[in-house]
Every structure is written in structure tokens, then in C-alpha cells.
Amino acid sequence: MKVMGQLAMVMNLDKCIGCHTCSVTCKQAWTNRTGTEYVWFNNVETRPGQGYPRTYEDQDRWRGGWIRDKKGRLRLRDGGRIHKLLRIFANPKLPEINDYYEPWTYDYENLTSAPLGDTFPVAAPRSQITGEPMKITWGPNWDDNLAGSPEILAEDPILKKVSQVSQEVKLALEETFMFYLPRICEHCLNPSCVASCPSGAMYKRSEDGIVLVDQDRCRGWRMCVSGCPYKKVYFNHKTGKAEKCTLCYPRMEVGLPTICSETCVGRLRYLGLVLYDADRVLQAATVEKDTDLYEAQCDILLDPNDPEVIAAARAGGISDDWIEAAQRSPIYALIKTYKVALPLHPEYRTMPMVWYVPPLSPVVDAISRDGHDGEEVGNLFGAIDALRIPIQYLAELFTAGDVSVVDAVLRRLAAMRSYMRDINLGRETQPHIPAAVGMTEEQIYEMYRLLAIAKYEDRYVIPTAYTGEIPAAAHDMECSLSGDGGPGMYESGPFDNAAEEAVPVAVEAFHAMQQRPGSPGPAGDARPRSRVNLLNWDGRGVPAGMFPGKQKQ
């Protein structure tokens, strides 16, 4: 048993309101520069719908992820080394700009410079790539709230898999079944993008499992874009490099949640550490039936309270702080203890580590719309059995088509909702409700606290990568992502107080620094300081420049 740690995320889809705040803040933090206008490391899709890029789940077309051959071995669906070598200079299995969307802005200058006339001037759309006027025909969330669904839904790859897809089924889905699906890179345990990269630029960090791109080694072959079944690797046409979600590792290393989690309005995201057996990842990914992949992936996640696992983790170099973080992890609780979180498309065999609590709200809404009590456990259980088509859709997303697993999850969520209603109304509890789904009253209540009213420190249990004292040289550290074309923030480091102009403080560095400039430090730095950044002052001592000196007479 080889124990390793993986930082993972769970999203409670019942709490997503589709506001796209997570997408916008991620865009501003990571892809707000030339060459990444079309790139969204985080996007929120309306399901059913085609997604972003269009029909990315159609692997017969895009050929992403892994497949199991007749001998029981894993093979890249897009082909091995020879196939990649034959088309290394011309890769046809790539989404085009029309599959994403042509990014645009508006000619705002026309609003102020247009000559006087009888009509109001307009800000016509212009392409951010060519600068020419354009007609908007698609966007990163074009099917938002089922917009244009009669035409768009027909091309939904998941809806095509659902049996008896007819116009009646589509209309029923349109009326009773819609939810939002936020997506980021899955940071898989068995990432096909890493295996697809000819130059070895894609790698998975051994300490926390985050999948990153080495910008110095990337040669722009774009095989990683083809290999990723979730199409969460993007090509920057300005730098000629591949880019992807970094799980905000500068923030995670200092114990801060990702920017999408921090700014999420619905508080639906959970972050934490899980321990897994690295020796069994390949075995789990090569199980024969796709419907067995969910259970196989759950089996390799280890109990952090097991003494044998703790001993193996320590032997593998995992610190006690990280073991303790894994024991308090909301991720393990939602996946293994309460069994309500499911992986996205386990049939791709990448072992994804961004999991989802499927939505119960469409079922409740369907009951309430008919004039019945949407919180009564009998009505909820009956509706789950009756609404077979929506459950089949969820099963195609989260369990490779295994309806029974999704049904069990929805029953646990329904039992929690009905049980807690009695408590909130001051009525006697009904112990048979949690017993009906194999849970105790205490487990139901703990699951409710975690899913509904968890505090900040309960939703984000993130071990830090920094131990001991920060070296004095770190005071003048530069952002490693501030190079030409990089997603860094400023030319000078956030702690360079000797700069002529003050610069904003990077939140990540602010939390990482324990000995901050402006207070007496071991380095004895006596450089002249023209400005004092109060956000970076720890209150110890009086830094030079805080108070003006006495003027000579």
C-alpha cells in the first residue's frame, strides 16, 4: 500500500444558482490576458445542454480519456505514441474556435465619438481575436437556463444516451428537470492529458495531486487538449503553450481555498485532502464494467483514521498535519461516510477528483408543482421512482449509467430533507426515515450540518505547504507567474517596498509571510523605503517611512 494525498473538491449542485460569480472571478485571476480570451478554467453549464466546448462529452468525436482493450489494459482513446507521432504537426481531434466561441467585446468608443443624429449610437460587437465587427452566434454558456432548448437539446450527448429520446421526453425534461453544473479541471488520479503530452510538460504533483503544465517544457503540440475528455486544457495562441486550471495552488499552499470557492455565492464548494492507495489506481481504472468504476474509485480512497493507513502515510513522508487534515476532510465525509458525492463521467477512466452531490430540487419542484407536499418523505421517495428519465440523465453524468447508485443518493438527500423538516418545525422526529436509507439519526443530522449550514472552516480543510520560518529572501520574492504572457499580477513583487510606486498585496503571499518587512527582521534590511504598505505591517516596531521625520530649520 502506497499512501498519497490528493486535494479534491465536492460541489453541492442543489445550491448552485447559476450566477457565474465563480467563472468571472477565475477569469479575472487567471485568464484575463491576450491569448486566453476564449478560455474559462471555470465555467457553469445548464444541463441538459451541449456544454463548453460544444458536445465535449461526445468521445466518439473528440476521443478523450482512456478505453479498456480486449486484454484488459488501458489505452488512450486518441491513440498511442505512433498515432501521435504521425499527426504531431496536424492534430485533427481538436475543438475549433466555433466549438468554443469567438470572444467579443463592444465598440464602446462609438458611444462617445459618434456624430450627432436622430438615433442613439450603439456599441456594436467586435471580435477580440481579429478586431473586426462580428455577429454573435454562440457563447461560453449559450444554452443558459435552457435558452433555445428545442434546437440545442437535440445535440446534448448525454440526452442522446437516454433511452427513448423523443420530443415528448425533451419537453418533459424542459419542464421538470434543469440544473447548473460548474466545471473545473478534475485533477484526476489517472490523468489522460498527462499521458498524452509528448514533451512531458503536463505533470501531476506528487505532494498534493494537482495537475499542472510546465510552461518551459510545453511545445504546443496540443495532444493534451485532445487527450482530456473534459476539454479543460486550453491552448494559448499568443504564447503557444497549453494552460489549464491550477486549482489555485498558490492559495492552496497557504491554506486558502480556490478563488472560485472563495467567491461562490451559494457556498456549494468543499475543499479538502483525501488519502488514496496509489498502487491500486491502475487496478481500479481497468475494471471491466463501466458501472463498476464508481465503486472501484471509492475503494482506493483510504480511511484516514485507520491506524494501518496512518502508519503507511507516515512511512510515505506525509506529515501529521496532513493526516489530521485528511481526518477532518469534508471530501472524505461526503464521498465515503455519507455516500452522497459522485464523480463526473467515471467511464472516462481518469479517476476524476472533483465530485458532485446530485440535485434533488428538480424532484421536489415536480411534486410541489402538482400541489403536493414536496418535503414529505413518502412523496419524495415516490417521485424518485416515477421520474425515471431525469435519474437516467444523472446516471449518465455521474455513474456511467448505473441508476441504482443515483437513486440511493437521492433517497439519502430526500430523507435528510424530510427528517430535518420535523426538527425545524419543532415536531417529534421520525427515526424510521434515516433507517429507510441505512443511516442513523446522528448521521443524518451531521450530513445536514455539512451540506446546509457548514461554516467556512468546515467547508475548507486545507493543509498548508509551508512549515517553519519563511527565509528572509522571500521578502523580495517575485511571482513565478509574472513572466511575459503569464497569469501573474504585477511587474514587481508584492513585498518590494522599495519600489517607487506602491503595488497591491498578493493575498497568497500575505498569508505565507510570517516575518514581514517593516518590522525588525533577522536580515537587518536597512534599505530606504519610500512607501509603507500597512496591509503588510504586522504591528511590531515602527517601519521607516511610517512617520515623517522632523524638518530641519
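Residues numbered from 1 in each chain as written. Predicted model: local features only at pLDDT ≥ 70, side-chain atom pairs only at ≥ 80, totals over all residues. Heavy atoms only, no water.

(A) Main features of helix α19 (residues 377-386). Buried residues of α19: Val-377, Leu-380, Phe-381, Ala-383 and Ile-384, and no others. Buried residues of α19 fall within an arc of 160° about the axis and therefore sit on the same side. (Buried < 20%, exposed > 50% of the residue type's maximum accessible area, 1.4 Å probe, protein only. Helix = DSSP H or I, 4+ residues; strand = E, 2+ residues; numbered from the N terminus. Arc of directions from axis to C-beta.)

(B) Molecular detail of the state of the cysteines. By the definition in use, this model includes 0 disulfides. Not engaged in a disulfide, the cysteine Cys-16 finds its nearest cysteine sulfur in Cys-22; these two sulfurs lie 6.5 Å apart. Cysteine Cys-224 shares no disulfide, and the gap to the nearest cysteine sulfur, in Cys-197, comes to 6.0 Å. According to the relative accessible area criterion, Cys-224 is buried, its value standing at 5%. (Disulfide = S-S within 2.5 Å.)

(C) Helix α21 (residues 403-424), seen in detail. Taking 1.5 Å as the rise per residue, α21 with 22 residues should run 32 Å; its terminal C-alpha atoms sit 31 Å apart, in good agreement. Looking one or two places after α21, you find Gly-426, whose phi comes out positive at around 75°. (Expected span 1.5 Å × (residues − 1).)

(D) Expanded view of the nonpolar core. Formed by 144 residues in total, the largest nonpolar core has its most connected members in Val-10, Leu-334 and Phe-398. The element that contributes the greatest number of residues to this core is α21, accounting for 11 residues. Excluding anything up to four places from it in sequence, Val-10 contacts Leu-268, Arg-269, Tyr-270, Ile-331, Leu-334, Ile-335, Ala-341, Trp-355 and Val-357. (Core = buried A, V, L, I, M, F, W, Y, C linked by side-chain atoms within 4.5 Å. Contact = heavy atoms within 4.5 Å.)

(E) Broad picture of the side chain of Ser-192. With respect to the element layout, Ser-192 can be found in helix α9 (residues 192-196). Judged by its relative accessible area of 2%, Ser-192 falls in the buried class.

(F) Layout of the sheet that holds strand β13 (residues 301-302). With respect to topology, 5 strands assemble into an open sheet ordered β13-β12-β1-β15-β14, the strand pairing being mixed. Whereas interior strands pair on both sides, the edge strands pair on one side only; in this sheet they are β13 and β14 (342-343). Taken together, the 4 bridges between strand β1 (residues 3-12) and strand β15 (residues 354-357) define a ladder with parallel strand orientation. Paired with Met-9 across the bridge in β15 is Val-354. (Pairing = 2+ DSSP bridges.)

(G) Representation of the pattern of salt bridges. All told, the structure shown has 21 salt bridges when counted by the stated rule. Across the pair Arg-411 and Asp-407 runs a salt bridge, and its minimum N-O distance is 2.9 Å. In this pair, Arg-411 and Asp-407 both sit in helix α21, 4 residues apart, roughly one turn of the helix. On the basis of relative accessibility, which here comes to 14%, the residue Asp-407 falls in the buried class. Taken together, the shared-partner salt bridges connect Glu-45, Arg-47, Glu-57, Asp-156 and Arg-183 into one network. (Salt bridge = Lys/Arg side-chain N within 4 Å of Asp/Glu carboxyl O.)

(H) Molecular detail of the packing of α21 against helix α23 (residues 441-452). Relative orientation of the contacting elements α21 and α23 amounts to 95°, with a least axis distance of 10 Å. Overall, the two elements α21 and α23 adopt an arrangement that is roughly perpendicular. Taking contact as the criterion, the partners of Arg-412, Leu-413, Ala-415, Met-416, Tyr-419, Met-420 and Ile-423 in α21 are, on α23, Glu-441, Ile-444, Tyr-445, Met-447, Tyr-448 and Leu-451. Residue composition of the contact of α21 with α23, grouped by class: 11 nonpolar, no polar and 2 charged. (Axes fitted to C-alpha atoms, helices over the stretch in contact; angles between N-to-C directions. Parallel < 35°, antiparallel > 145°, perpendicular 65-115°, else oblique. Nonpolar A, V, L, I, M, F, W, Y, C, P; charged D, E, K, R; others polar.)

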